[in-house]
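What the coordinates show
The primary structure of each chain is shown beneath.
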Amino acid sequence: MALPELFIKQINELLPENEAKDLISALGESEPSVSVRVNAEKCNHTKLHSTSVPWCNLGFHLEERPQFTFDPMLHSGCYYVQDASSMFLAHAIDKLVDKSAPVKYLDLCAAPGGKTTTAIGALPKGSLVVANEIMSGRAQILRENIIKWGSPYCVVTNNDSAAYSRLTEFFDIIAADVPCSGEGMMRKDEEAVAQWTPVLVKECAERQREIVDNAWQALRPGGILIYSTCTFNRPENEDIIEYLVNELEAESLDLQVPEEWNIYPSINSATHGYHFFPHRTRGEGLFLAAVRKPATSTGNAHKLLNKKKNSKKGKALPIPAELKKWISADCSFQIVSNGDSFNAIPAEFTDEIGFLQESLKVIYCGCDIANSKGKDLIPAHALALSTCINKDLFPCYEADYATAIAYLRGETITIDAPRGYVMIAYNGHALGFVKNLGNRANNLYPKEWRIKSTHIPSTPPQVIIK
């Protein structure tokens, strides 16, 4: 693949001769790697044909790329397909965050959800994770992946970063994986090669400055900002970190990276930063750095609002007593109604989530648990995938591979199970609900999530097994 001449010139000016030569060769000639990260809350299975990602204990390299779409375990949220370089966020959180108490965490540019789900696995248990995406289509993909991951401690929003600047000093940690020129994706994405120009680099750097300024307002004093891009140049990387340090008095943080990981340090900068180059590490291009906000408060922190958000779906219904049994007794949640739907939110973050709903466009929070249709309570798809479900409440049908794929395609299936709402599982992991009528089962899998391909492999992809 031919790389832009101006890009090659930029790399030659950025790095020592041998380093530049090896990077350009890797981008133009080598093959992308494949890796997955396991959901520890759902699955601690042995990985097949894999080696560990050094900086993420839940990450694994695969020797070849299977047909992920046709693996029910992916749809059940047992693992996430993610580039190994991006998993470095787990190491950053591990080094920077006190695990003794939950935190409020914002992923400001979150779609499709890889780094958000990485954070969920790395943060202290019970932390509130807010995942934001400005593009509405991508925000729906983010919502889907958050639901599949199953954590009920998440809020998904669809806002510009400017909306967050008004949430003064609200978050303990903010991650900003900002839109960039995409140089690190050139090996696997021809569009990244085709769109690259020096003008794009400049435009991205300006937008990134705006995003970190907005994030800075929402970060509490002493809080941590984790900044990342999938590009190599200084204007989008080191220059942004130097701006935070020199202009906003941030403290650049050392992530204590072992030398054997072969991660390249900040280029011509006194700040700490970490470059992933595909000729050095097994993964695509990435830059990540972390800074701490000065501990002095502005005194302008927002106080939580204790208002109830007005429903756009009409009058809220009373909460049926039986819904409390749908949630695990180990979990503490408040059930709320919004029109004809019912939702469970973490009891300890009721005020915070209410504040976010007043301040932002929230498209998902906590766990959807049921919809009301006449006298019938229909279990929500999100409940089946959530870690807060009472697994003993609903009968479960263990599907074989053909039945599981038919279910994920939205087809009508026949099962040997009690009448009523039944959970469909594959290898012991929930896929969703059906309403079993005896002679057939009505498929309740979301239409927009269905597998659309008509080519189904005869044997299941084996990414993880028991």
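Residues numbered from 1 in each chain as written. Predicted model: local features only at pLDDT ≥ 70, side-chain atom pairs only at ≥ 80, totals over all residues. Heavy atoms only, no water.

A look at the overall build of the protein
Counting its secondary structure elements, the protein contains 13 helices and 24 strands. Overall size of the protein, expressed as C-alpha extent along the three principal axes, is 70 × 60 × 35 Å. Buried positions account for 56% of the 466 residues belonging to the protein. When contacts within the protein are restricted to residue pairs at least 6 apart in sequence, those whose partners lie at least 24 apart make up 73%. In the form shown here, the protein has an accessible surface area of approximately 20700 Å², with 48% of it arising from carbon and sulfur atoms. Here the protein contributes 47 positively and 55 negatively charged side chains, and the mean placements of these two sets differ by 10 Å. (Helix = DSSP H or I, 4+ residues; strand = E, 2+ residues; numbered from the N terminus. Buried < 20%, exposed > 50% of the residue type's maximum accessible area, 1.4 Å probe, protein only. Contact = heavy atoms within 4.5 Å. Areas by Shrake-Rupley, 256 points an atom, 1.4 Å probe, with all protein chains shown as cover. Lys, Arg positive; Asp, Glu negative; His and termini not counted. Charge placed at Lys NZ, Arg CZ, Asp CG, Glu CD.)

Some words on the packing of helix H1 (residues 5-14) against helix H2 (residues 17-29)
It is at 9 Å that the axes of H1 and H2 come closest, and there the two elements cross at 145 degrees. The interaxial crossing formed by H1 with H2 has right-handed handedness. Mapping the contact onto sequence places Phe7, Ile8, Ile11 and Asn12 in H1 and Ala20, Leu23, Ile24 and Leu27 in H2. The residue makeup of the contact of H1 with H2, split by class, is seven nonpolar, one polar and no charged. (Axes fitted to C-alpha atoms, helices over the stretch in contact; angles between N-to-C directions. Left-handed = near helix turned anticlockwise from the far one by under 90°. Nonpolar A, V, L, I, M, F, W, Y, C, P; charged D, E, K, R; others polar.)

Side note on the confidence of the model for the protein
When pLDDT is averaged along the protein, the result is 93; 94% of the residues meet or exceed 70. Note on residues 306-314: pLDDT under 50 across the span, and 14 contacts to partners over four residues away in sequence or across chains. (pLDDT = per-residue confidence, 0-100.)

Overview of the sheet that holds strand S23 (residues 441-443)
If you walk across this open sheet you meet the four strands as S20-S21-S22-S23, and the pairing is mixed. The strands lining the two open edges of the sheet, one partner per strand, are strand S20 (396-398) and S23. Averaged over all adjacent pairs, the angle separating strand axes in this sheet is 40 degrees, with direction ignored. Two strands pair when backbone bridges link them, and strand S22 (residues 429-436) and S23 are joined in this way by three bridges, in the antiparallel orientation. (Pairing = 2+ DSSP bridges.)

Brief notes about the sheet that holds strand S18 (residues 367-373)
Taking strand neighbours across the sheet as the criterion, the four strands line up as S15-S16-S18-S19 in an open arrangement whose pairing is antiparallel. Of all strands in the sheet, those bounded by a partner on one side alone are strand S15 (333-338) and strand S19 (376-379). Across this sheet, the average inter-strand angle for adjacent strands is 25 degrees, counted without regard to direction. Sheet topology places S18 next to S19; four bridges connect them, and they run antiparallel. Bridge assignment links asparagine 371 to a residue of S19, and that residue is isoleucine 378.

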